[in-house]
Amino acid sequence: AEDCGNGANLRGVAFATPEKGIAFGEAGDKLFFSVDGGNTWETATVDGKVSDEKVGWFDGLFSDGLTGWVVGSYDTGNPPGKRVSYLLKTTDGGATWTATSFSSYVGSDMCLAIDPLNTAIVYASNAGGIWKSSDGGATWVAITTGLTNTQVRSLAINPANSQVIYAATDGGGVFKTLNGGVSW
């Protein structure tokens, strides 16, 4: 077991159940998971290998006790400094992660939101806009019609009516959709 809090620059923590959770951090830090309420932490496996230290993790959420999401970006190295957004999904509470089909060459602070009434609907955002998946992350579509500022820093879904979503932007105010992101 590892002590992920010792020297790690962590950005967040999310728990699927009182026992299962993840911790994620800045570039240079790994993705960690716990199965004992955070008493001990292990390095998560990403696409069959130990999580990459070149990825900076920004946000993580669980939609149920096993299914979760984490977003980040990594430096492609070509050209130097070019970052690509990276969205992973787990179905075992955080021990193993696989990349989704989501891809964006705007790799900056990202955030996630999960529809509370239909957990197959997931939203991801970064400085390039907002994307929506209606099939649990298998496919993604950009939903930016009406967004005059695509540098989205935070998303919030109305728990009583998941068609109402708010998007807070960097210097551009808060946008609202009444139709699940078809227009803002």
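Residues numbered from 1 in each chain as written. Predicted model: local features only at pLDDT ≥ 70, side-chain atom pairs only at ≥ 80, totals over all residues. Heavy atoms only, no water.

### Some points on the overall build of the chain
Here is step 1: Across its full length, the chain holds zero helices and 17 strands.
Here is step 2: Taking all 184 residues of the chain together, 45% fall into the buried category.
Here is step 3: Taking contacts inside the chain between residues at least 6 apart in sequence as the whole, the part at least 24 apart equals 40%.
Here is step 4: When the accessible surface of the chain is split by element, carbon and sulfur atoms take 49% of a total near 8,300 Å². (Helix = DSSP H or I, 4+ residues; strand = E, 2+ residues; numbered from the N terminus. Buried < 20%, exposed > 50% of the residue type's maximum accessible area, 1.4 Å probe, protein only. Contact = heavy atoms within 4.5 Å. Areas by Shrake-Rupley, 256 points an atom, 1.4 Å probe, with all protein chains shown as cover.)

### Some words on the sheet that holds strand β17 (residues 174-177)
Here is step 1: Here we have three strands laid out as an open sheet, ordered β15-β16-β17, and antiparallel in their pairing. Only two strands of the sheet have a single partner each, and these edge strands are β15 (152-157) and β17. Taken over all neighbouring pairs, the strand axes of this sheet differ in orientation by 20° on average, direction set aside.
Here is step 2: Where β15 meets strand β16 (residues 165-169), five bridges bridge the pair, whose relative direction is antiparallel. Bridged to Ser-154 within β16 is Ala-168. (Pairing = 2+ DSSP bridges. Axes fitted to C-alpha atoms, helices over the stretch in contact; angles between N-to-C directions.)

### Overview of the nonpolar core
Generally speaking, soluble globular proteins have nonpolar side chains that are buried together.
Here is step 1: One finds Tyr-123, Ile-130, Val-152, Leu-155, Ala-167 and Trp-184 to be the most contacted residues of the largest nonpolar core, which totals 14 residues.
Here is step 2: When contributions to this core are tallied by element, the ones reaching two or more residues are β11 (111-114), β15 and β16.
Here is step 3: When residues of this core are assigned to their parent elements, the largest contribution, three residues, is made by β15.
Here is step 4: Residues within four places of Leu-155 in sequence aside, it is in contact with Cys-111, Ala-113, Tyr-123, Ser-125, Ile-130, Tyr-166 and Ala-167.
Here is step 5: Membership of the second largest hydrophobic core comes to 13 residues, among which are Phe-24, Leu-31, Val-46 and Phe-62. (Core = buried A, V, L, I, M, F, W, Y, C linked by side-chain atoms within 4.5 Å.)

### Some words on the environment of Gly-129
Here is step 1: Note on placement: Gly-129 falls in strand β13 (residues 129-133).
Here is step 2: Sequence separation between Gly-129 and Met-110 is 19 residues, and the spatial gap between their C-alpha atoms is 9.7 Å.
Here is step 3: Excluding anything up to four places from it in sequence, Gly-129 contacts Ala-124, Thr-144 and Thr-150.

### Remarks on the pattern of salt bridges
Here is step 1: Taken as a whole and judged by the stated rule, the model has one salt bridge.
Here is step 2: With a closest N to O distance of 2.8 Å, Arg-153 and Asp-170 form a salt bridge. Of this pair, Arg-153 sits in strand β15 while Asp-170 sits in the loop between β16 and β17, placing them 17 residues apart in sequence. (Salt bridge = Lys/Arg side-chain N within 4 Å of Asp/Glu carboxyl O.)

### A few points about the environment of Phe-62
Here is step 1: Residue position: Phe-62 is located in strand β7 (residues 55-62).
Here is step 2: On the basis of relative accessibility, which here comes to 15%, the residue Phe-62 falls in the buried class.
Here is step 3: Taking C-alpha positions, Phe-62 is 8.9 Å from Thr-90, a pair spaced 28 residues apart along the chain.
Here is step 4: Sequence-distant contacts of Phe-62, defined by excluding residues within four places in its chain, comprise Ala-14, Phe-15, Ala-16, Ile-22, Thr-67, Gly-68, Thr-90, Gly-93, Gly-94 and Ile-114.

### A look at the packing of aromatic side chains
Here is step 1: The final tally for this structure, using the stated rule, is two aromatic pairs.
Here is step 2: On the numbers, 6.2 Å between centres and 70° between planes, the contact of Phe-15 with Trp-41 is edge-to-face. Of this pair, Phe-15 sits in strand β1 (residues 10-15) while Trp-41 sits in the loop between β3 (32-34) and β4 (42-43), and the two are 26 residues apart along the sequence.
Here is step 3: A relative accessible area of 36% means that Phe-15 is categorised as partly exposed.
Here is step 4: What makes Trp-41 buried here is its relative accessible area of 10%.
Here is step 5: Between Trp-69 and Trp-140 the ring centres are 6.5 Å apart and the planes differ by 90°, which places this aromatic pair in the edge-to-face class. Of this pair, Trp-69 sits in strand β8 (residues 68-75) while Trp-140 sits in the loop between β13 and β14 (141-142); the two residues are 71 residues apart in sequence, bridging distant segments of the chain.
Here is step 6: Residue Trp-140 is classed as buried on the basis of its relative accessible area, which comes to 16%. (Phe/Tyr/Trp six-rings, centres within 6.5 Å; stacked < 30°, edge-to-face > 60°.)

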